[in-house]
Amino acid sequence: ECVSGCVCPEGLFDDGRGGCVEEKDCPCVHNNQWYSSGQRVTVDCNTCTCQKGGWSCTKNVCYGTCMIYGSGHYITFDGRFYDFDGSCEYVATQDFCGDKKSNGSFSIITENVPCGTTGVTCSKAIKMFLGKTELKLENKDYKEIQRDVGGDVHYWNRTVGLYLVIEASNGVMLIWDKKTTVFIKLSPAYKGKVCGLCGNFDDKSNNDFTQRSGLQDTNALKFGNSWKQSTMCPDATQEIKPCDVKPHRKSWAEKECSIILSEVFKICHSKVDPNPFYDACVHDACSCDSGGDCECFCSAVAAYAQECSKAQACVFWRSPDICPIFCDYYN
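Residues numbered from 1 in each chain as written. Predicted model: local features only at pLDDT ≥ 70, side-chain atom pairs only at ≥ 80, totals over all residues. Heavy atoms only, no water.

For the protein chain, an unreviewed UniProt entry supplies the name MUC2 protein and the organism Oreotrochilus melanogaster.

Written out as structure tokens, the structure is:
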């Protein structure tokens with residue numbers, strides 16, 4: 001953006017903002033925002049500094065994060081957003097992949113159950129296998145089961161605000177909101193070595209739909225069905241559109257979810273595309289029609305807020321009227 005030309009005296013550059021500067025003072029652009037020379041932004045676990053109109057970034061290898069929330073919404077380690085609604089147990093991620101299946105050290109299974117009368121499902125229970133330890137997370141609590149197979153993998157658990165965090169010595173972390181949202185974080189050592197609904201963590205999102213057989217697919221239904229744990233479960237055959245099934249809920253859902261597209265989140269819109277999160281919110285708000293209406297709506301908005309804070313855009317969206325949290329209690 002910083003160019004020399006007939007608009008500035010010789011030796012100075014047009015800074016794109018109506019001024020003339022020396023080359024060393026050229027600004028930089030990131031997500032449609034201007035930054036002056038010397039300013040820094042954080043992208044994942046790296047810091048980028050504006051120098052002479054370009055970004056100079058550190059080259060740390062970052063942890064990967066997969067998010068599963070609401071009624072079958074997934075964001076893979078490589079950032080692919082898709083929906084898959086099946087009522088069964090599915091492999092979210094594991095390192096028992098390819099030819100060396102015996103050498104894995106962990107597996108995370110998500111169990112989906114219907115969360116309304118429209119037929120959509122939500123992740124309600126999670127099983128985490130760490131060596132010979134099995135952790136089962138459901139009903140806002142977790143229990144440990146010791147098995148006969150597998151090695152020793154140590155883990156720690158702690159509560160952070162709304163979330164239960166389980167961190168293991170093998171570089172796996174699980175963060176659960178005790179409802180329908182789960183984050184799985186993996187250390188960079190697992191890049192390209194995992195498989196499941198969260199993708200393969202190889203920094204390429206176009207090959208995330210790799211089936212259990214190793215074949216790549218473009219269809220989320222076929223891909224998702226390949227990762228079910230039991231052959232007794234029926235395959236998911238169609239994408240359910242709950243707002244079509246319950247049209248009387250649609251206008252309410254759109255009105256409530258419009259907060260994602262509103263001024264409240266304006267600071268974040270240029271950093272994280274709000275549209276897939278808005279669509280997911282409307283889908284969830286239509287589908288949760290047997291209690292838990294607000295829980296589904298709040299989880300959907302919180303998912304967008306979480307991505308915003310990851311992108312350095314903190315949004316204070318909760319209020320006494322919208323998804324309040326009693327901070328004193330959680331503190």
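Having put the structure on the table, let's press on.
(A) Region of interest: the overall build of the protein chain. Summing up its helical and strand segments, the protein chain has 7 helices and 19 strands in all. Taken along the three principal axes of its C-alpha coordinates, the protein chain extends 75 × 50 × 45 Å. Burial statistics for the protein chain: of 331 residues in total, 46% are counted as buried. Intrachain contacts of the protein chain at a sequence separation of at least 6 include 48% that bridge at least 24 residues. As displayed, the protein chain has an accessible area near 17000 Å², and 49% of this comes from carbon and sulfur atoms. Here the protein chain holds 34 positive side-chain charges and 42 negative ones, and the gap between their average locations is 4 Å. (Helix = DSSP H or I, 4+ residues; strand = E, 2+ residues; numbered from the N terminus. Buried < 20%, exposed > 50% of the residue type's maximum accessible area, 1.4 Å probe, protein only. Contact = heavy atoms within 4.5 Å. Areas by Shrake-Rupley, 256 points an atom, 1.4 Å probe, with all protein chains shown as cover. Lys, Arg positive; Asp, Glu negative; His and termini not counted. Charge placed at Lys NZ, Arg CZ, Asp CG, Glu CD.)

(B) Spotlight on the pattern of salt bridges. Under the definition given, this model contains 10 salt bridges. With a shortest N-O distance of 3.3 Å, Lys255 and Glu256 are connected by a salt bridge. Residue classification places Lys255 among the exposed positions, given a relative accessible area of 58%. On the basis of relative accessible area, Glu256 is assigned to the partly exposed category, the value being 25%. (Salt bridge = Lys/Arg side-chain N within 4 Å of Asp/Glu carboxyl O.)

(C) Main features of the nonpolar core. Counting residues in hydrophobic clusters, the biggest one holds 43 residues, and the most contacted among them are Ile108, Ile184 and Leu186. The contacts of Ile108, once residues within four sequence positions are left out, are Tyr90, Val91, Ala92, Thr93, Ile126, Lys127, Met128, Val172, Leu174 and Ile184. Formed by 35 residues, the second largest nonpolar core is a distinct cluster that contains Phe183, Ile260, Ala280 and Val282. (Core = buried A, V, L, I, M, F, W, Y, C linked by side-chain atoms within 4.5 Å.)

(D) Representation of the packing of helix 3 (residues 247–257) against helix 5 (residues 275–287) in the model. With their axes 8 Å apart at the nearest point, helix 3 and helix 5 run at an angle of 135 degrees to one another. As far as their axial angle goes, helix 5 and helix 3 are oblique. Crossing hand, helix 3 versus helix 5: right-handed. Side by side, helix 3 and helix 5 meet where Arg249, Lys250, Trp252, Ala253, Glu254 and Cys257 of the first sit next to Tyr278, Cys281, Val282, Ala285 and Cys286 of the second. (Axes fitted to C-alpha atoms, helices over the stretch in contact; angles between N-to-C directions. Parallel < 35°, antiparallel > 145°, perpendicular 65-115°, else oblique. Left-handed = near helix turned anticlockwise from the far one by under 90°.)

(E) Seen up close, the pairing of strand 6 (residues 46–51). Two strands pair when backbone bridges link them, and strand 5 (residues 40–43) and strand 6 are joined in this way by 4 bridges, in the antiparallel orientation. Bridging from a neighbouring strand, Arg40 pairs with Thr49 of strand 6. Where strand 5 folds back on strand 6, the antiparallel hairpin that results is connected by 2 residues, among which Asp44 adopts a positive phi of roughly 55 degrees. Here strand 6 folds back onto strand 7 (residues 54–57) in antiparallel fashion, the turn holding 2 residues, of which Lys52 has a positive phi close to 50 degrees. (Pairing = 2+ DSSP bridges.)

(F) A look at the state of the cysteines. Tallying each qualifying case throughout the model produces 12 disulfides. A sulfur-sulfur distance of 2.0 Å marks the disulfide that ties Cys268 to Cys308. With the S-S dihedral at roughly -95 degrees, the linkage between Cys268 and Cys308 falls on the left-handed side. Residue Cys268 is found in helix 4 (residues 266–269), and its partner Cys308 is found in helix 6 (residues 293–310); the two are separated by 40 residues along the sequence. The buried category is assigned to Cys268, whose relative accessible area is 0%. At a sulfur-sulfur separation of 2.0 Å, the disulfide partner of Cys298 is Cys323. Between Cys298 and Cys323, the S-S torsion sits near -95 degrees, and that sign places the bridge as left-handed. In this pair, Cys298 sits in helix 6 while Cys323 sits in the loop between helix 6 and helix 7 (327–330), placing the two residues 25 residues apart along the sequence. With relative accessibility at 14%, the residue Cys298 sits in the buried group. (Disulfide = S-S within 2.5 Å.)

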